Each structure stands twice: as structure tokens, then as C-alpha cells.
Amino acid sequence: MTSTNHTPLDTAVLGAGVIGVSWAALFAAYGHRVALYDISNKAFEALPDQLEQIRPALAALGLQLDISLIRFTTSLKDAVADAAVIQECGPDRVNLKQELWQLTEQVAPLDALFLSSSSGITTGMQSKRMKNPERVIIGHPFNPPHLIPLVEVVGGKHTPASLIQQAMNFYTSIGKTPVQLHKEVPGFVANRLQAALMREATLMVKWGVVDVNELDNIVTQSIGQRWAINGPFKSFHLGGGRGGFRHFLNQFARGLQLLWVHSWISPVFFTPKIKRKLLKQIDGSFGSESISELEKERDQKQITLLNLFKSRNSTHK
């Protein structure tokens, strides 16, 4: 994730929340001119500090953040009038996104790329009020977008393949790892995987098998490390020994399926009781630390991991 030769673009980021500010910083670090839009000036009060907090992380990845490339505006028309790329980062509320895309379509260039950071709302739902709903493409990042490489890219049923490719090319040009999904599902892929793991994590705490700290330690010291190198399928393929995934299926599929069946008869809900249990444990541990310090620690570890992968990839070229 280092700076490369590229053509500066006029980009618009719609929504100055955590995701929007992170995207804006990354776009600017790649030399793009960024219009950061929000409906209220109050949304911009903390922006200088937020951008300064992001600057060191980008610098550690070889990117220089020029804050002068980012301008703030409460005018949607002003934000998107000359934009080649529009990254929507509003709250995940269907009505809000429908209205925002409807208005954006009226004032944006006809060839502007419409990208949504939504973590679960499909393009079909977002674009219902548009004249050309096929323009909206999901470009779902992981938080924070300026650090986590993945972007899930998926269009609607009638989105031209050429538009999908434009989105893929754009994200690649800013150092991301875009992965095209072949069809839309609520929550997309990465969040559904997170939800499955969080379900089991909550169940283990609910049953008293572990507390939240022990659960986190188990993940970071096992599957977290394994999946940072190989995903679940390749990991299980290697777990099958010389016989690979075929041997894994022969040896372990039945046991795994029993856990799946057991999951169906052990429903997990965030009841008031389990909420209190989780919050009590978290407040008694890392919940007592400031969010900014926890974010700083997270980002430093993420940068170390990214730079390690970058170094190894360059060595093996």
C-alpha cells in the first residue's frame, strides 16, 4: 500500500462519519481532490483532529496526507458536481440512502461512479427512487478503510460489467484489495462471517465457558493468526494433511456438521441478561480504556501486519 503514479480525480465522499473521514483521507493520500459532504457543519468540527490522527498511519504505509486536498461542504450539488467518483458513507438507513442517491443522480455527472459503503443494504434497496438504479455499486470497506485492504464490490442485477470493472480498477488504484461478489446477499460476505463468529463467541460467554478476554485471546492466538495468512478453506485444506480438503471432509465433516446442527438448537439473542453480562466483563477490562488509545494500538498492529505482508510479497516477486 504505497504511493504510485496515478491520475488525480475529483472525488466526493457523502457523510463525514468515521468511515467517510477515513475514505477521504485515503483518497487525498493518493492525490485525489476530495469534497467531503455532510448535512451539518457540526459534523466537521472534529475533522482536523481526526485527519491528524490518521496521518501517522498513512505515513507508516508510505503515503503522505495532504489535508489541503480535502474541502468540506454542506451542499450536495457542490460536492458531486465535478466528481468522477462518489463514495456514499451515510447511515445504514434505507430511506436515507434512497433519498440521497435520488438527489445525487440529479446533480452528479452522467459518468460519475456511484459507490456505496453500506455494510448490509443491497443496491436494489438503495436505488429504488433512481431513474438509473443500475449505477449504484456496493463498495463495502472494513473499518478503518484507510488501513484494512478489503473492499467488497457488487452491483445490482442490471449493473453493466463495465461499471463493476471501473469500481474494481478504482479501488485497486488506491491500494485496496477489491473482491467482486457474484450476487448480492444482505450483509454481503465478510459481515456474515463476522456475525457467525460473534454468535458463537456470545454463546460461549453466555454459557460461562470463557469470559470476553479469554475468548478474544483464543481468537488472536489461533484462528486470527491462521486466517491472516490463509482463509478458512485453505486452512482446512492444510488441516487435512497430505490428503488436503478431501481428507478433511472424510475425517472432520461429520463433527463439524454436528456443531452446525447444535447451533440451530442453541439460539442466541442479545437479551437484557446477556447484554449485562457482556458489558460488565468489558467494562471491567478493556472497556475502561479510552477508545482513542485502543484505536491507536489497533492501528499500530494493523500497520505492522500490512508492512510485513508487503515486504514478503515484494521478496517473492
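Calculation notes
- Residues numbered from 1 in each chain as written.
- Predicted model: local features only at pLDDT ≥ 70, side-chain atom pairs only at ≥ 80, totals over all residues.
- Heavy atoms only, no water.
- Phe/Tyr/Trp six-rings, centres within 6.5 Å; stacked < 30°, edge-to-face > 60°.
- Helix = DSSP H or I, 4+ residues; strand = E, 2+ residues; numbered from the N terminus.
- Buried < 20%, exposed > 50% of the residue type's maximum accessible area, 1.4 Å probe, protein only.
- Lys NZ or Arg CZ within 6 Å of the ring centre and 35° of its normal.
- pLDDT = per-residue confidence, 0-100.
- Contact = heavy atoms within 4.5 Å.
- Pairing = 2+ DSSP bridges.
- Axes fitted to C-alpha atoms, helices over the stretch in contact; angles between N-to-C directions.
- Core = buried A, V, L, I, M, F, W, Y, C linked by side-chain atoms within 4.5 Å.

All right, on to the packing of aromatic side chains then. Inspection of the entire model under this criterion finds ten aromatic pairs. Measuring from ring centre to ring centre gives 4.6 Å for phenylalanine 236 and phenylalanine 248, while their planes differ by 25 degrees; the resulting arrangement is stacked. Of this pair, phenylalanine 236 sits in helix H10 (residues 232-239) while phenylalanine 248 sits in helix H11 (residues 244-264), and the two are twelve residues apart along the sequence. Classification of phenylalanine 248 by relative accessible area gives buried; the value is 7%. Within the aromatic cluster, the residues linked to one another by ring pairs are Phe233, Phe236, Phe245, Phe248 and Phe252. Just above the ring of phenylalanine 114 sits the side chain of arginine 135; from NZ or CZ to the centre is 3.9 Å.

Overall, the prediction assigns the protein chain a mean pLDDT of 92, with 96% of residues at 70 or greater. Long-range and interchain partners of residues 1-5, a stretch whose pLDDT sits below 50, account for 16 contacts in this model, where long-range means more than four residues apart.

An order of E3-E2-E1-E4-E5-E6-E7-E8 is seen for the eight strands of this open sheet, with the pairing classed as mixed. Edge strands, defined here as strands with exactly one partner in the open sheet, are strand E3 (70-73) and strand E8 (177-180). This sheet shows a mean twist of 25 degrees between the axes of neighbouring strands, independent of strand direction. With four bridges connecting them, strand E2 (residues 33-37) and E3 associate as parallel partners. Its bridge partner lying in E3, alanine 35 is registered against arginine 71. Its contacts with the sheet place helix H1 (residues 18-29) against strand E1 (10-14), E2, E3, strand E4 (85-88), strand E6 (136-141) and strand E7 (150-154), and it is angled at close to 170 degrees to E2.

A few words now on the nonpolar core. The tendency in soluble globular proteins is for nonpolar side chains to be buried as a group. Counting residues in each nonpolar core, the largest one holds 35 residues, and the members touching the most others are Trp23 and Leu36. Looking at this core, the elements that each hand over two or more residues are H1, E2, helix H2 (47-60), strand E5 (113-116), E7 and helix H6 (161-173). Among the elements that line this core, the one with the most residues is H1, at eight residues. Setting aside chain neighbours within four positions, we find leucine 36 in contact with Val13, Gly15, Ala16, Gly20, Val21, Ala24, Phe44, Leu47, Ile70, Arg71, Phe72 and Thr73. Grouped together as the second largest cluster of nonpolar side chains are 16 residues, Ala12, Ile86, Ala108 and Ala112 included.

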